[in-house]
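# Notes for the structure review
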Amino acid sequence: MLGPPGAGKSTQAENLARLLAVPHVSTGNLLRREVAEGTPLGRRVAPLLAKGELLADDLIVEIVLARLGEMGRSGFVLDGFPRTQAQAEALERWERSTGLALDAVVWLEVARPELVRRLTERGRSQDRPDDTSETVRRRLELDAELTSPLKDFYRARGILLDIDGSLPEPDVTELILERLRGARRS
Ligand code: AMP
């Protein structure tokens, strides 16, 4: 599940995981849990999360691949990873070494003013201390610089599903499922 912060990745990933009966692997949730529990990893990454900065590629790759290794072949919805070219390449190496392959990469497209509106709203209403105006700006900047280019990477691989994330939540879920069915048939 790819797309800028505020595009609805987690909401849609949760919906899909429930409907497809597979685990939802969210790097953001995983890291926030570590921070809340005060684990060594949590203490290490807390300042980065608070500022909206990304963890080093090596660290997040190690965390995610360990988690995917536990999932076996049952499938999963991956949310919040990869976020950089290096992460995408590490995931590709993992696919080659396990013989597993991503069925699809969902790209949720939402225009920037709507993203800012959603993130500011979320910062007020939910426990997301990283949704402040400064970190929102930083996360959008990192997304534009590092994550958005992955859209072309996956389009070139022929597995990109470009989805209008500005539609109402249930419509987006339905659209993703429809496109996924199409992608699996082709
Ligand atoms: P999210 O909930 O996906 O927006 O992630 C919250 C925060 O966790 C991000 O702002 C980063 O600090 C960190 N994070 C999550 N996923 C990654 C990743 N793939 N690479 C680096 N940092 C990440």
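The structure we're discussing is the one just above.
Residues numbered from 1 in each chain as written. Predicted model: local features only at pLDDT ≥ 70, side-chain atom pairs only at ≥ 80, totals over all residues. Heavy atoms only, no water.

## Here we look at the packing of helix α4 (residues 57-71) against helix α5 (residues 85-98)
- Between α4 and α5, the shortest axis-to-axis distance is 10 Å and the interhelical angle comes to 30 degrees. Both α4 and α5 take part in a crossing whose hand is right-handed. Contact with α4, carried on its side by Asp57, Ile60, Val61, Leu65 and Leu68, involves Ala86, Gln87, Ala90, Leu91 and Trp94 of α5 and no other residues of that element.
- Here the contact of α4 with α5 is composed, by residue class, of eight nonpolar, one polar and one charged. (Axes fitted to C-alpha atoms, helices over the stretch in contact; angles between N-to-C directions. Helix = DSSP H or I, 4+ residues; strand = E, 2+ residues; numbered from the N terminus. Left-handed = near helix turned anticlockwise from the far one by under 90°. Contact = heavy atoms within 4.5 Å. Nonpolar A, V, L, I, M, F, W, Y, C, P; charged D, E, K, R; others polar.)

## Notes on α4
- Counted at 1.5 Å a residue, the expected span for α4 with its 15 residues is 21 Å, and the 21 Å between its end C-alpha atoms agrees.
- Inspection of α4 places Leu59, Ile60, Val61, Ile63, Val64, Leu68 and Met71 among the buried residues, and these make up the whole buried set.
- Where α4 is buried, its residues contact β1 (24-26), α2 (27-37), α3 (40-51), β2 (77-79) and α5. (Expected span 1.5 Å × (residues − 1). Buried < 20%, exposed > 50% of the residue type's maximum accessible area, 1.4 Å probe, protein only.)

## Observations concerning unusual backbone geometry
- Between phenylalanine 81 and the following residue, proline 82, the backbone shows a cis peptide bond with an omega angle of 0 degrees.
- Here proline 82 is to be found in the loop between β2 and α5.
- Although it is not a glycine, alanine 21 sits at a positive phi angle of roughly 55 degrees.
- Positionally, alanine 21 belongs in the loop between α1 (9-20) and β1.
- Alanine 21 gets classed as exposed once you look at its relative accessible area, which sits at 66%.

## A word on the side chain of glutamine 12
- On the secondary structure map, glutamine 12 appears in helix α1.
- Among residues more than four places away in sequence, those in contact with glutamine 12 are Met1, Leu108, Glu169, Val172, Thr173 and Ile176.

Functional significance is not addressed by these values, which are geometric in nature.
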